[in-house]
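# Residue-level structure breakdown
These are the residues of each chain, in order.
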Amino acid sequence: MVPDTDLDSQDAALAAEGDSGAFERLYRRHVARIHGLARRMAGPDDADELTQDAFVRAWQKIAQFRGEAAFGSWLYRVAISVILGHRRRLAIHRERTAPEEWNREGRPSHERSSEIGMDFDTAIERLPARARHVFVLHDVEGYKHHEIARMLKITAGTSKSQLHRARMLLRATLA
Amino acid sequence: MTDSADTWRDRLSEYLDEALEDSERSELEEHLEGCEECRETLVELRQVVARAGKLVDAPPARDLWPEIAYRIRETEEGERHESRAGTAEAGSSLAGRHGRSFTFSVPQLAAAAVTLVALSSGIAWQIAGGFSARQAEPAVPVAQAPAQTNLLLASRIANNDYESAIAQLERVLNVGRDRLDSATVRKVEEKLALIDKAIDEARQALSADPSNAYLNRYLVGTMRRKLDLLRRTAALTEL
Amino acid sequence: MNATILAAALSTLMSVPQETDTLIAVPGNVRITVEQVAGDVTVSTWSQNQVRVLADHRSDDTVDYELDGNELSISAHSNTGMAIVDFELTVPVSAAVEISSPFADVRIIGTQGDISVQTVEGDIHVEGGRGRVDLHAVDGDVMVFGSEATVQAASVDGDVMLTDVSGGIEAQTVDGDVILRDAASDNVQAATVDGDIMWDGDIRDGGHYSFVTHDGDVVVGVQPGANAKVSVASFDADFEIDFEVSLEPGEQESKRFSFVLGSGNARMELESFDGSIHLTRRGYLAEELEE
């Protein structure tokens with residue numbers, strides 16, 4: 001059986017030549033992961049649209065994929081940049097409309113942290129935005145603090161403290 | 001909990017990630033021996049990290065492909081359309097689809113924007129010329145406003161050229177829009193709607209008071225603002 | 001680093017690992033362009049004919065430098081998607097700077113050449129500049145402080161705020177305010193669609209000042225003894241003036257009229273389709289900001 005990474009390389013090459021069938025195969029193999037990323041980073045409401053945006057962007061940029069990294073990691077970067085673009089818009093909007101209640105004291109409000117029996121994914125979605133992004137990128141996706149710092153335009157120190165904050169909040173869902 | 005427990009508790013994630021300096025790690029381990037609460041917290045944090053690593057990605061509830069396929073096709077068709085219009089010479093010589101995303105947009109969008117300016121004349125030039133034309137040809141002061149008939153004629157000419165200029169730019173943008181962030185596209189569309197609303201209001205006001213020199217001039221100015229925004233957005237696809 | 005080695009190294013493209021500190025010998029009249037997709041850019045000055053580039057980036061991003069005559073191009077690329085590089089540049093005072101980074105906050109302090117900045121999402125902050133300063137953002141504020149340049153500042157969704165600018169001004173946004181403070185320009189065009197226009201500065205003899213909004217207020221503070229012919233026009237705006245003026249002879253309507261301050265040497269147009277227009281004394285903005 002041909003490993004997925006080889007299939008990816010072949011299909012990516014075909015897609016770069018305009019083969020949308022090959023691109024659909026790439027979509028089928030990776031959509032769950034990209035959708036999971038979008039859902040955890042941006043919430044369930046925007047996940048479908050961001051997933052579509054990410055694949056459309058990937059199609060446009062696929063000529064830049066040189067096969068040096070695995071297609072999956074490349075696609076991931078593309079998706080993160082789409083999701084973060086969306087995030088920045090929302091963040092700016094939020095700053096301009098109302099201060100986020102979480103940021104004041106760096107502490108959670110009760111209802112979010114103590115809901116019992118919530119599944120882990122739902123708990124992640126309910127984390128404050130910054131803590132959620134850092135947690136997803138670090139603990140779920142395996143990026144390093146200095147990489148996350150650059151993606152989110154924060155310091156590595158903030159990334160570390162937000163990660164800790166997220167993990168502390170998520171303890172409540174372990175029961 | 002003591003202050004020191006609080007301080008160390010805040011470092012537990014770093015401890016878990018093996019990100020502490022040797023000296024800090026020993027100090028923290030020393031603290032852990034005497035602090036049950038921190039030991040418990042550490043166990044829980046480990047569980048959180050372990051669960052994060054085991055998350056399963058479920059596919060989306062509905063199939064997202066048809067819309068992606070549609071958007072991809074739309075991009076392709078837009079490009080073919082542009083190519084037929086003879087504006088894609090620079091890109092067409094490049095191999096396959098590799099130049100697609102870039103060679104296509106950069107010179108052509110800029111060229112299209114320039115063409116628009118060249119297309120227009122008279123008052124339409126005032127519209128299409130955007131901000132700098134405005135400076136070169138300052139708005140007519142109220143007291144020296146031209147006669148009503150001239151204004152109406154001018155605004156009809158302006159309207160015709162303007163509509164075709166807008167239509168052209170919108171076509172250009174339609175091709176280029178996928179190169180822009182979707183949030184940016186939404187934002188620009190939102191602001192275009194704001195200008196359209198202003199244009200509508202000015203038109204309505206003008207239909208009730210056709211001889212109003214200010215409204216005539218204002219309508220032209222606002223239409224020009226729309227053109228200017230479209231042109232600036234087209235330029236963005238070059239970034 | 002030895003200047004000869006530097007020159008040799010820079011004659012071709014150069015790839016740099018992450019978190020780099022690079023020194024490049026340049027002519028005093030250097031034109032620096034920075035191009036990338038995302039990452040903040042900060043530019044400050046020093047008295048040396050060198051450009052120092054602190055670049056903070058991932059290991060799979062590369063930063064390329066190309067020096068050709070007096071043109072120094074700095075660009076960021078990534079093999080694996082979007083390059084995100086935070087640049088801190090220290091440049092000769094007389095350098096011209098051109099920055100294009102769609103997702104970025106850009107800050108330029110103290111350069112005295114032309115400045116051009118294009119962002120999509122992010123704020124632009126410039127202090128200084130001579131010649132031409134052209135700043136374009138889509139979603140972000142554009143701010144200029146203390147510039148002798150001719151300033152063109154535009155946003156789509158954001159405020160444009162210029163303070164202490166003495167060259168010509170073209171300031172526009174679609175959804176946001178245009179705030180011009182302590183300006184000494186003699187050619188000013190300010191426009192927004194949904195927002196206020198505020199001017200608090202001197203009106204210079206022979207100058208031309210145009211302030212236009214659709215849905216917002218125009219508030220203009222001028223110095224005592226200002227000489228200007230003022231044209232006011234609106235569809236449905238209120239007008240208020242804090243000092244006595246006499247209307248021009250001829251046709252005057254409640255929503256369109258003109259009057260003269262002093263000798264009427266300068267020309268001012270105040271237009272709000274559907275807001276209020278207020279002509280007041282210079283200094284009102286400082287008072288408002290202090291409140």
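Residues numbered from 1 in each chain as written. Chains lettered and ligands numbered in written order. Predicted model: local features only at pLDDT ≥ 70, side-chain atom pairs only at ≥ 80, totals over all residues.

## Points about the overall build of chain C
In plain terms, the rule: Numbering goes from the N terminus for both helices and strands, where a helix is a DSSP run of H or I of at least four residues and a strand is a run of E of at least two. Here exposure depends only on C-beta density: within 10 Å of a residue's C-beta, 20 or more other C-beta atoms make it buried, 12 or fewer make it exposed, and intermediate numbers make it partly exposed, the C-beta atoms being placed from the backbone. What counts as a contact is two residues whose backbone-derived C-beta atoms lie within 7 Å of each other.
Counting its regular elements, chain C contains two helices and 26 strands. Burial analysis of chain C (291 residues in total) assigns 54% to the buried set. Partitioning the contacts of chain C with sequence separation of at least 6, the portion at a separation of at least 24 is 44%.

## A word on the overall build of chain A
Helix and strand counts for chain A come out as nine helices and zero strands. The N-to-C order of helical and strand elements in chain A reads α-α-α-α-α-α-α-α-α. Residues classed as buried in chain A amount to 48% of the 175 residues present. Restricting the contact set of chain A to residue pairs at least 6 apart, pairs at least 24 apart contribute 61%.

## Brief notes about the interface of chain B and chain A
Under the convention used in this document: Ten residues, namely Ala, Val, Leu, Ile, Met, Phe, Trp, Tyr, Cys and Pro, are considered nonpolar, four, namely Asp, Glu, Lys and Arg, are considered charged, and the remaining ones, Gly among them, are considered polar.
The interface of chain B with chain A comprises 33 residues on the first partner and 36 residues on the second. Looking at the side of chain B that touches chain A, the elements with two or more residues in it are helix 2 (12-16), helix 4 (36-53), helix 5 (65-84) and helix 11 (182-208) of chain B. Among the residues forming the side of chain B that touches chain A, the class breakdown is 14 nonpolar, seven polar and twelve charged.

## Structural notes on the packing of helix 7 (residues 129-140) of chain A against helix 9 (residues 156-170) of chain A
Each packed pair of helices is defined by two parameters, the angle between the axes and the distance between the axes. All names here are of chain A. The following threshold applies: Under this scheme, a helix contributes an axis fitted over its contacting stretch, all axes are lines through C-alpha atoms, and angles between N-to-C directions fall in the 0 to 180 degree range. Working definition: roughly parallel below 35 degrees, roughly antiparallel above 145 degrees, roughly perpendicular at 65 to 115 degrees, and oblique for all remaining angles.
Close contact between helix 7 and helix 9 brings their axes to 8 Å; oriented N to C, the two are set at 95 degrees. In terms of axis orientation, helix 7 runs roughly perpendicular to helix 9. Facing helix 7, whose interface residues are Arg 130, Ala 131, Arg 132, Val 134, Phe 135 and His 138, helix 9 presents Ser 159, Gln 162, Leu 163, Arg 165, Ala 166, Arg 167 and Leu 169. Looking at the contact of helix 7 with helix 9, its residues break down into six nonpolar, three polar and four charged.

## A look at the nonpolar core
Here is the rule we go by: Here, a nonpolar core means buried Ala, Val, Leu, Ile, Met, Phe, Trp, Tyr and Cys residues linked by C-beta atoms lying within 7 Å of one another.
The biggest cluster of nonpolar side chains holds 169 residues, and the ones touching the most others in it are Ala 79 and Ile 83 of chain A together with Ile 32, Leu 162 and Leu 180 of chain C. The residues touching Leu 162 of chain C, leaving out its near neighbours within four places in the chain, are Val 144, Val 151, Ala 153, Ile 169, Ala 171, Leu 180 and Ala 183 of chain C.

## So, the confidence of the model for chain A
All names here are of chain A. Cut-off, in case you're wondering: A residue's pLDDT is the confidence the predictor assigns to it, expressed on a 0 to 100 scale.
For chain A, the mean per-residue pLDDT works out to 77, and 78% of the residues sit at or above 70. Ranking the elements of chain A by mean pLDDT puts helix 5 (residues 110-113) last, at 34, and helix 2 (residues 20-42) first, at 92. Confidence drops under pLDDT 50 across residues 89-117; counting only partners more than four residues distant or on other chains, this segment forms 15 contacts.

## Points about the packing of helix 2 of chain A against helix 3 (residues 44-61) of chain A
All names here are of chain A. Definition in use: Helix crossings get a hand from a simple test, with the near helix turned counterclockwise from the far one by less than a right angle marking a left-handed crossing and a clockwise turn marking a right-handed one.
Interhelical geometry of helix 2 versus helix 3 gives an angle of 140 degrees and a closest axis separation of 8 Å. Considering the angle they form, helix 2 stands oblique to helix 3. Our pair here, helix 2 against helix 3, has a crossing hand that is right-handed. Residues Phe 23, Tyr 27, Val 31, Ile 34, His 35, Ala 38, Arg 39 and Ala 42 of helix 2 touch helix 3, and the partners they reach there are Pro 44, Asp 46, Ala 47, Leu 50, Thr 51, Ala 54, Phe 55 and Trp 59.

## Quick notes on the confidence of the model for chain C
All names here are of chain C. Confidence along chain C averages 85 in pLDDT terms, with 88% of residues attaining 70 or more. In this model, residues 1-17 is a region of pLDDT below 50 whose contacts with residues beyond four sequence positions or in other chains number 22 contacts. Interface confidence for the predicted complex, expressed as ipTM, amounts to 0.78; the pTM equals 0.54.

## Quick notes on helix 1 (residues 4-16) of chain A
All names here are of chain A. Defined as follows: Helix span, expected: 1.5 Å multiplied by one less than the number of residues in the helix. What the arc covers is the set of directions going from the helix axis to the C-beta atoms.
Here helix 1 is 13 residues long and its end C-alpha atoms lie 18 Å apart, about the 18 Å a rise of 1.5 Å per residue gives. For helix 1, the full list of buried residues reads Asp 8, Asp 11, Ala 12, Ala 15 and Ala 16. Projected down its long axis, helix 1 carries its buried residues within an arc of 135 degrees, all on one side. Positive phi shows up at Gly 18, right after helix 1, with a value of about 105 degrees.

## Some points on helix 4 of chain B
Residue and element names in this part refer to chain B. Across its 18 residues, helix 4 extends 26 Å between first and last C-alpha, which sits within 8% of the 26 Å expected from 1.5 Å per residue. What helix 4 keeps buried is the set Cys 38, Thr 41, Leu 45, Val 48 and Ala 52. Relative to the axis of helix 4, the buried residues are bounded by an arc of 75 degrees and lie together on one face. In helix 4, the exposed residues that point more than 90 degrees away from the buried face are Glu 36, Glu 40, Val 43, Ala 50 and Gly 53.

## Concerning the pairing of strand 3 (residues 41-46) of chain C
Residue and element names in this part refer to chain C. To keep it simple, the criterion reads: Two strands pair if DSSP finds at least two bridges between them.
Across six bridges, the pairing between strand 3 and strand 7 (residues 86-92) is parallel. Within the sheet, the bridge partner assigned to Trp 46 lies in strand 7 and is Pro 92. Where strand 3 lies against strand 9 (residues 106-109), three bridges are found, and the strand directions are parallel. The residue bridging Thr 42 from the neighbouring strand is Arg 107, located in strand 9.

## Some points on the pairing of strand 4 (residues 50-56) of chain C
All names here are of chain C. Side chains Val 51, Val 53 and Ala 55 of strand 4 all project onto a buried face; the interleaved residues Gln 50, Arg 52, Leu 54 and Asp 56 project onto a face where none is buried. In this sheet, strand 4 lies alongside strand 1 (residues 20-25) in antiparallel orientation, the contact comprising six bridges. Following the sheet pairing, Thr 20 is matched in strand 4 by Ala 55. With five bridges joining them, strand 4 and strand 7 adopt antiparallel strand pairing. Bridging from a neighbouring strand, Val 53 pairs with Leu 89 of strand 7.

## Examining unusual backbone geometry
Its identity is not glycine, yet Glu 18 of chain B carries a phi of approximately 55 degrees, on the positive side. Checked against the element boundaries, Glu 18 of chain B lands in the loop between helix 2 and helix 3 (22-34).

## Some thoughts on the environment of His 136 of chain C
Relative to the helices and strands, His 136 of chain C resides in strand 12 (residues 132-136). Given 22 C-beta atoms within a 10 Å radius, His 136 of chain C is considered buried. Remark: the alpha-carbon pair of His 136 of chain C and Ala 153 of chain C, spanning 17 residues in sequence, is separated by 6.1 Å. Setting aside residues up to four positions removed in sequence, His 136 of chain C forms contacts with Arg 232 of chain B together with Val 117, Gln 118 and Ala 154 of chain C.

## Focus: the environment of Gly 207 of chain C
Residues and elements named next belong to chain C. Looking at the secondary structure, you find Gly 207 in the loop between strand 19 (197-200) and strand 20 (208-213). Assessed through the 20 C-beta atoms surrounding it within 10 Å, Gly 207 is described here as buried. On a C-alpha basis, the gap between Gly 207 and Asn 227 in space is 9.6 Å, while along the polypeptide they are 20 residues apart. Setting aside residues no more than four positions away along its own chain, Gly 207 makes contact with Asp 186, Asn 187 and Ala 266.

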